[in-house]
Amino acid sequence: MTQDKFSPYRLRNESGVPLTFWLGSSFEPPTDQTLTKDLASGGEEPFEFSQRRALQVRQRDMSIEFHTLSIKFEGIDDVLTHVPVDIIGVHMLPLGELRAVAEIHNDNGSKIIAIQSTFKVYNKTSMSVDACISQTEGGGKAWEQQLAWQETFAGECHGCVPLNMSSIPYMSVRPNGGKFSYSSPFPIPTVPVTGEDRKSVV
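Along each chain, residues carry numbers from 1 onward, in the same order as the chain's sequence is written. Where local features are concerned, this predicted model is filtered to residues with pLDDT of at least 70; where side-chain atom pairs are given and counted, the filter is 80 or more; whole-chain, interface and lining totals use all residues. Values reported for side chains reflect all heavy atoms of the structure, with hydrogen atoms and water molecules removed beforehand.

## Brief notes about the sheet that holds strand E9 (residues 110-116)
No. 1: Judged by pairing direction, the sheet is mixed, and its five strands sit side by side in the order E4-E1-E9-E8-E7 without closing on themselves. Edge strands, defined here as strands with exactly one partner in the open sheet, are strand E4 (44-47) and strand E7 (89-95). Ignoring strand direction, the axes of neighbouring strands in this sheet form an average angle of 25°. The pairing criterion for strands is at least two bridges between them, as found by DSSP. Think of it this way: any DSSP run of H or I at least four residues long counts as a helix, any run of E at least two long counts as a strand, and we number them from the N terminus. To get an axis, a line is fitted to the C-alpha atoms, and for a helix only the part in contact is used. The angle between two axes follows their N-to-C directions and goes from 0 to 180 degrees.

Put into structure tokens, the structure is as follows:
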């Protein structure tokens, strides 16, 4: 039986949109395309930094150099820079008028960096639920045909609204199965938050 090669870092794309990432902090990707990696929504990619940097133990000044990533999301003009991959926790990072979440934890010696939208949906019922977001408070079949996004969530599951749609103001839900209409759209917070908080709909 073969084992997967150990990687000190793994990037998970939970943003809802494809992304391209590279090492370091810069608004432009390296000209050498071999130094960038594409990652589909829902995908995971291992990566590592130069071993020489890992061995830099400066006994004179005890300075620490932090690793960072830069990320470009499909359909979003701004670039996410200074993703602090060495710092465990939940980080809210600026992305132009939007925000992105970097949730970082250890898993068997690897640091898992999950890049997420600020808008997370939790289905805490025991049934499958359809959720959608929209620009208006309307309803009916014509309104459903103009929905910006919709997804089905199994019971006791959660997921993120795509990052590029996280500022859309209204949400509606219904039991899955096609037998029910969506509920009346209700407003959701659109003001970015900081720390470990984020917009959540339960």
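## As for the nonpolar core
No. 1: Residues enter a nonpolar core if they are buried and are Ala, Val, Leu, Ile, Met, Phe, Trp, Tyr or Cys, with the set joined through side-chain atoms within 4.5 Å. A 1.4 Å probe rolled over the protein chains alone gives each residue an accessible area, and that area as a share of the maximum for its type sets the label: buried under 20%, exposed over 50%, partly exposed in between. Counting residues in hydrophobic clusters, the biggest one holds 24 residues, and the most contacted among them are Leu11, Phe47, Phe73, Val83 and Ile113.
No. 2: Elements with a contribution of two residues or more to this core: strand E1 (9-14), strand E2 (19-23), strand E5 (69-73), strand E6 (79-83), E7, strand E8 (98-107) and E9.
No. 3: Whether two residues touch is decided by their heavy atoms; if any such pair falls within 4.5 Å, the residues are in contact. Setting aside chain neighbours within four positions, we find Val83 in contact with His67, Thr68, Leu69, Ile71, Leu93, Ala102, Ile113 and Ile115.
No. 4: Counting residues in hydrophobic clusters, the runner-up holds 10 residues, among them Phe119, Val121, Trp149 and Met171.

## Here we look at the pattern of salt bridges
No. 1: Any Lys or Arg side-chain nitrogen located within 4 Å of an Asp or Glu carboxyl oxygen qualifies as a salt bridge. Evaluation of the coordinates by the stated rule reveals five salt bridges.
No. 2: We note a salt bridge from Lys37 to Glu45, for which the minimum N-O separation is 3.6 Å.
No. 3: Overall, Lys37 belongs to the partly exposed group, its relative accessible area being 32%.
No. 4: Notably, a salt bridge pairs Asp130 with Arg174, separated by 3.0 Å at the nearest N-O pair. With Asp130 in strand E11 (residues 129-134) and Arg174 in strand E14 (residues 170-175), the pair connects residues that are 44 residues apart, well separated along the chain. For the pair Asp130 and Arg174, a shared accessibility class is recorded, and that class is buried.

## Section: the packing of aromatic side chains
Think of a pair of aromatic rings as described by two things: how far the centres are apart, and how the planes are tilted against each other in angle.
No. 1: Aromatic rings from Phe, Tyr and Trp, with only the six-membered ring used for Trp, were paired whenever their centres fell within 6.5 Å, and each pair was classed as stacked if the ring planes differed by under 30 degrees, edge-to-face if by over 60, and tilted otherwise. A complete count under the given rule lists six aromatic pairs for this structure.
No. 2: When the ring of Tyr9 is compared with that of Phe47, the centres are 5.2 Å apart and the planes differ by 15°; the resulting orientation is stacked. With Tyr9 in strand E1 and Phe47 in strand E4, this pair connects stretches of sequence that are 38 residues apart. Each member of the pair Tyr9 and Phe47 is classed as buried.
No. 3: Site record: aromatic cluster; members linked through ring pairs are Tyr9, Phe21, Phe47 and Phe49.
No. 4: Comment: the charge-over-ring label is applied if NZ (Lys) or CZ (Arg) is within 6 Å of the ring centre and within 35 degrees of the ring normal. The residue whose ring lies beneath Arg174 is Tyr182, and the NZ or CZ to ring-centre distance is 4.1 Å.

## Details of the sheet that holds E6
No. 1: Strand order across the open sheet formed by four strands is E3-E2-E5-E6, with antiparallel pairing between neighbours. A strand with exactly one partner marks an edge of an open sheet, and here the two such strands are strand E3 (36-39) and E6. On average, each strand axis in the sheet is inclined to that of its neighbour by 25°, with strand direction left out of account.

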